[in-house]
Amino acid sequence: MSNRKVGIIGAGAVGATTAYTLGMMGTCDEIVLYDINQDIAIGKAIDIEQSTIYSTKVTKITGAKDASDLEDCEVVVITAGVPRKDGMTREDLLMINAKIIKDVISKIEKYSPNAKIICVANPLDVMTYVIHKLTSWESNRIIGMAGALDSSRMAYEINKFTNYGCSGIKAMVIGDHGENMIPCTNLSNIGGVHLESLISKENMKDIIHRTKNGGAAIVKHLGTSAYYAPARGIAVMVQAILDDNKIVMPSSVLLNNEYGYSDVTVGVPVVLGKNGVEKIIEIDMDEELKSKFDDSVNTIQSGIDILKDNNFFS
Ligand code: APR
């Protein structure tokens, strides 16, 4: 029986907006925000719960005073992490965020050992791998959120271009959550109609380029990374798990011989339901797509190797 309690680690921009989005959707009975800055978690929790008063269902939202408040969550979302700052190398960032993950994972293992974990911390695919390695949990219970966001960005670009389609636009972005992400035009459609029939090759290239640069374009204006669309993507995944919706959503998962790879996390289409990843879908890849997918996996593997070289796992 589902207790519909969700823990959100990190009450910053993404974490708090996720709580707000879930509150507006009425998806959960209870949300606990946990942050090393306790007051931020408590203050935002009160504000967000007050915002649910106008909803048909009030969601209980609390800021954790102690990690034990995370007890018995059905889903835990990890958004704790630091962004890359001036003078920080990729290696520095990886080590700092992996150490933060280590800290929060020890708490989740203690208080919510049966939870499904949705990882949002960046670099996304590598941090998702870190969680798999640190917990050794069944791999279906650990899922990286990137495809939900990148696919919404691709659908947005398609809608901006065509001016039609709205929620009937199905877009699919696989691969890493970074420069080698793969917006798949042949797996995307508007109301079931293939994009090839609706958008020229030239314009499709532009849509792909804009999708890949969707996050960076926002940072340019805001000076910080996005949070509304990421939060919505997370909330849709949480809902799929709590309601056992079995939606198909590209997500970063640990491969075990799928696509010819093992022991690496990467974005591929999966079925999401009450067990987390219910199924990893293996799509047919032509040579061009396979080569792009290999590039994506190699980028993620190089991040994992940095952590291994720095003895993070030993
Ligand atoms: N335990 C709990 N909370 C922590 C810890 C920790 N060990 N370390 C950091 N935090 C908290 C911070 O106090 C902060 O409130 O994580 C929160 C992060 O919030 P923001 O700095 O606002 O970052 P945000 O924009 O929410 O992004 C969070 O999601 O999309 C990714 O790249 C993004 O990795 C980043 C993460």
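Quick notes on the rules
Residues numbered from 1 in each chain as written. Predicted model: local features only at pLDDT ≥ 70, side-chain atom pairs only at ≥ 80, totals over all residues. Heavy atoms only, no water. 1 Å grid on protein atoms, 1.4 Å probe; cavity = no way out; pocket = protein on both sides within 12 Å on 5 of 7 lines; lining within 4 Å. Points joined across faces, edges and corners; volume = space filled by probe spheres on them. Helix = DSSP H or I, 4+ residues; strand = E, 2+ residues; numbered from the N terminus. Nonpolar A, V, L, I, M, F, W, Y, C, P; charged D, E, K, R; others polar. Contact = heavy atoms within 4.5 Å. Buried < 20%, exposed > 50% of the residue type's maximum accessible area, 1.4 Å probe, protein only. Domains from an automatic or database assignment. Buried area = accessible area lost by both parts, 1.4 Å probe. Salt bridge = Lys/Arg side-chain N within 4 Å of Asp/Glu carboxyl O. Phe/Tyr/Trp six-rings, centres within 6.5 Å; stacked < 30°, edge-to-face > 60°. Lys NZ or Arg CZ within 6 Å of the ring centre and 35° of its normal. Pairing = 2+ DSSP bridges.

**A look at the layout of surface pockets**
As a volume, the second largest pocket reaches approximately 600 Å³. At the level of secondary structure, the elements contributing two or more residues to the lining of the second largest pocket comprise strand E9 (182–183), helix H6 (201–212) and helix H9 (287–309). For the lining of the second largest pocket, the leading source of residues is H6, giving five residues. Of the residues that constitute the lining of the second largest pocket, the class distribution is nine nonpolar, four polar and eight charged.

**Details of the side chain of Thr21**
You can see Thr21 is positioned in helix H1 (residues 13–25). Excluding anything up to four places from it in sequence, Thr21 contacts Ala231, Arg232 and Ala235.

**Here we look at unusual backbone geometry**
In this model, Asn122 is joined to Pro123 through a cis peptide bond whose omega is -5°. Secondary-structure assignment places Pro123 in the loop between strand E5 (116–119) and helix H4 (124–135). Positive phi outside glycine occurs at Arg4, with the angle close to 50°. By secondary structure assignment, the location of Arg4 is in the segment before strand E1 (5–9). Residue class for Arg4 comes out buried when judged on its relative accessible area of 18%. Phi at Asn163 takes a positive value of approximately 70°, unusual for a residue other than glycine. Looking at where Asn163 falls in the secondary structure, it is placed in the loop between helix H5 (147–162) and strand E7 (169–170).

**Notes on the domain arrangement of the chain**
If you check the domain split of the chain, you get domain 1 (5–144) and domain 2 (147–308). Counting each side, the surface lost to burial between domain 1 and domain 2 is near 3000 Å², with a carbon and sulfur contribution of 73%. The largest per-residue losses of area from domain 1 upon contact with domain 2 belong to Asp125, Tyr129 and Ile143, which jointly make up 21% of the total buried on that side. In this structure, Lys133 and Asp263 form a salt bridge, with 2.8 Å as the shortest nitrogen-oxygen distance. Of all the elements in the fold, those that place two or more residues in the side of domain 1 that touches domain 2 are H1, strand E4 (75–78), helix H3 (90–111), E5, H4 and strand E6 (142–144).

**Considerations on the packing of aromatic side chains**
Following the criterion strictly, the structure yields five aromatic pairs and no others. Geometry around Phe312 places Lys102 over its ring, the cationic atom sitting 4.4 Å from the centre. Against the face of Trp137 rests Arg141, its NZ or CZ located 4.1 Å from the ring centre.

**Let's talk about the environment of Val120**
Here Val120 shows up in the loop between E5 and H4. In sequence terms Val120 and Ala98 are 22 residues apart; their C-alpha atoms lie 12 Å from each other. Beyond its immediate chain neighbours, meaning those up to four positions away, Val120 contacts Val14, Val77, Ile78, Thr79, Met145 and Ile234.

**Examining the pairing of strand E13 (residues 262–273)**
Across the 12 residues that make up E13, a large majority, 10, are buried. Pairing analysis gives 10 bridges linking strand E12 (residues 247–256) to E13, with the strands arranged antiparallel. In the sheet register, Val253 faces E13, and the bridge partner there is Val266. The turn joining E12 and E13, which pair antiparallel and follow one another in sequence, is formed by five residues; a positive phi near 85° is taken by Asn257. Examined bridge by bridge, E13 and strand E14 (residues 276–280) share four bridges and lie antiparallel to one another. The residue of E14 that forms the bridge with Leu272 is Val277. Counted between consecutive antiparallel strands, the loop separating E13 from E14 contains two residues.

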